[in-house]
Amino acid sequence: MRSIHPLLKHALPRKAQQGASPHWRYHIEGLQKLIMLRGGIRSLARSASLAPLLHCFVFIAVIGDTSSPASHLATSTLRLEDDDFILEKFGNGVFDFQMCPKPLFAEIIRINHLRVRAWKQDPAGLEDLAHEAYGVLTRINVFSSEQWADSKPSSKEDWRIVGKSYQAAVSLYCILSLQSLSVLPLNPPLTASCVSHGRLLQDLLNEALLSPRIKRSILWPLVVLGVQAVNGGAGMRAFVREHLPEMSRHIGSYVPLTAQAVLERFWASGETCWDACFDKPYTVVTQLAVDLSQLD
């Protein structure tokens, strides 16, 4: 098992932080193969020393898929039956999944799988996927950020803002990415939902960015807002354009600047669908420090 350590320990976090490099995807794919050769995530998770690194792998793979085209999703080879185990094993700490609530992170995983299935699906089978997609939307909408925040030991208002930000962002990701693949329709109710969630998300991020405790954990919702901003007007685009460079300086990573360049190109393209924005795999994730103290 020792051979897996250097790849997890050095390459994956570093490539994810670079953002502009496409090589992070190769590391993810290599790690997937190594994990499967060693019995899968369930087997490796028995090792306490590997748990932080496996958590890092899961987080980067899942969030990295959201900013990749449906034809290049890294988690498409992960077994769906392992999802509940992954969430239970790695999603119970205060900061696990970068402050994204575990129930919403679970829905991101399901959306990713719906996207890859839609890409492979015969058009006649999209109706069944649409039924699943509406189920995902329902669960996102009934999530209570207030209850989630109340379960935290302190700073409950910050947690409430984070929870509501991710709730709005995951809803937007679900609708926009699945409309891009014709799983969900381009109809007035869903358009109105995107408009409402976009405005709410901008207001919430405006609050979150004022808090030193949580501002570094809302990069992904800010990028999702950037995709919605193609239809959200000049003010929303200006908001995203202003805060991505600021976040880059705050967290010391090039990733937000990569995201800005991708969004600027998308806004100028005349395209409006999710997969037109992320035409190749990008990672819009920044991994906080990983505990490597127990590694050899």
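In this numbering scheme, every chain counts its residues from 1 along its sequence in written order. Side-chain atom pairs in this predicted model are given and counted only at pLDDT of 80 or more, local residue features only at pLDDT of at least 70, and totals for whole chains, interfaces and linings cover all residues. Where side-chain values are given, they derive from all heavy atoms of the structure, hydrogens and water being excluded.

So, about the overall build of the chain. Each helix is a run of DSSP H or I of at least 4 residues and each strand a run of E of at least 2, with the numbering of both proceeding from the N terminus. Assigned secondary structure in the chain consists of 14 helices and zero strands. Three labels apply to residues, based on accessible area from a 1.4 Å probe with only protein chains included: buried if under 20% of the type maximum, exposed if over 50%, partly exposed otherwise in between. When burial is assessed residue by residue, the chain has 56% of its 296 residues classed as buried. Whether two residues touch is decided by their heavy atoms; if any such pair falls within 4.5 Å, the residues are in contact. Summarising the internal contacts of the chain: among those between residues at least 6 apart in sequence, 73% fall at separations of at least 24. Under the convention used here, a 1.4 Å probe and the Shrake-Rupley method define accessible areas, while residue burial counts only the protein chains that appear. Here the chain displays about 12,700 Å² of accessible surface, and carbon together with sulfur accounts for 54% of that area.

Turning to helix 13 (residues 255–269), a few remarks are in order. In a regular helix each residue adds 1.5 Å, so 15 residues correspond to 21 Å; helix 13 covers 21 Å between its end C-alpha atoms and thus fits that length. Every buried residue of helix 13 is accounted for by V255, P256, T258, A259, Q260, V262, L263, F266 and W267. Just downstream of helix 13 lies G270, where phi reads positive at about 85°. Take the residue count of a helix, subtract one, and multiply by 1.5 Å to get its expected span.

All right, on to the packing of helix 10 (residues 188–208) against helix 11 (residues 219–232) then. Structural elements are reduced to axes, namely lines fitted to C-alpha atoms, with helices fitted over the stretch in contact, and the angle between N-to-C directions of any two is expressed from 0 to 180 degrees. Taken N-terminus to C-terminus, the directions of helix 10 and helix 11 make an angle of 140°; their axes are 10 Å apart at the nearest point. Considered as vectors, helix 10 and helix 11 are oriented oblique to each other. Helix 11 is crossed by helix 10, and the crossing has left-handed handedness. Here C194, V195, G198, L201, Q202 and L205 of helix 10 come into contact with helix 11, specifically with P221, L222, L225 and Q228. Lys, Arg, Asp and Glu make up the charged group, whereas Ala, Val, Leu, Ile, Met, Phe, Trp, Tyr, Cys and Pro make up the nonpolar group; the residues left over, Gly among them, are polar. A per-class count over the contact of helix 10 with helix 11 returns seven nonpolar, three polar and no charged. Small angles under 35 degrees read as roughly parallel and large ones over 145 as roughly antiparallel, with 65 to 115 read as roughly perpendicular and the rest as oblique. Take the far helix as your reference; a near helix turned counterclockwise from it by less than a right angle gives a left-handed crossing, and one turned clockwise gives a right-handed crossing.

Another aspect to go through is the packing of helix 9 (residues 156–179) against helix 10. Interaxial distance between helix 9 and helix 10 falls to 9 Å at its minimum, and their mutual angle equals 145°. Helix 10 is crossed by helix 9, and the crossing has left-handed handedness. The segment helix 9 lies against helix 10, with R160, I161, K164, S165, A168, A169, S171, L172, I175, L176 and Q179 engaging L190, S193, C194, H197, G198, L201, L204, L205, E207 and A208.

Attention now moves to helix 11. The terminal C-alpha atoms of helix 11 lie 18 Å apart, and with 14 residues this matches the ideal 20 Å at 1.5 Å per residue to within 8%. Two axes enter the definition of the bend at a residue: one is fitted to the seven residues ending there, the other to the seven starting there, and the bend is the angle between them. Considering bend angle alone, the principal kink of helix 11 is centred on G226 and spans about 25°. Burial within helix 11 is extensive, with 12 of its 14 residues counted as buried. For helix 11, the set of buried residues is L219, W220, P221, L222, V223, V224, L225, G226, V227, Q228, A229 and V230. Directly after helix 11, the chain includes G233, whose backbone phi takes a positive value near 95°.

With that settled, the discussion passes to the confidence of the model for the chain. Mean pLDDT over the chain stands at 82; residues scoring 70 or higher make up 71%. Here helix 1 (residues 4–18) is the element of the chain with the lowest mean pLDDT, 48, and helix 10 is the one with the highest, 98. Contacts for the low-pLDDT stretch residues 1–13, under 50 throughout, to residues beyond four places or in other chains number 33 contacts. Between residues 15–20, whose pLDDT stays under 50, and residues either more than four places distant or in other chains, the model counts 23 contacts. The quantity called pLDDT is the predictor's confidence in a given residue, expressed from 0 to 100.

Whenever Lys or Arg places a side-chain nitrogen within 4 Å of a carboxyl oxygen from Asp or Glu, that contact is recorded as a salt bridge. Throughout the structure, instances matching the rule amount to nine salt bridges. The partner of R115 in a salt bridge is D275, with the nearest N and O atoms 3.3 Å apart. One end of the pair, R115, is in helix 6 (residues 102–120); the other, D275, is in helix 14 (residues 274–277), with 160 residues separating them in the sequence. Across the pair, D275 and R115 agree in class, each one buried. R265 is the salt-bridge partner of D279, the closest N and O atoms lying 3.6 Å from each other. With a gap of 14 residues between them, D279 in the segment after helix 14 and R265 in helix 13 connect regions that are remote in the sequence. Through salt bridges with shared partners, one network takes in E107, R110 and R139.

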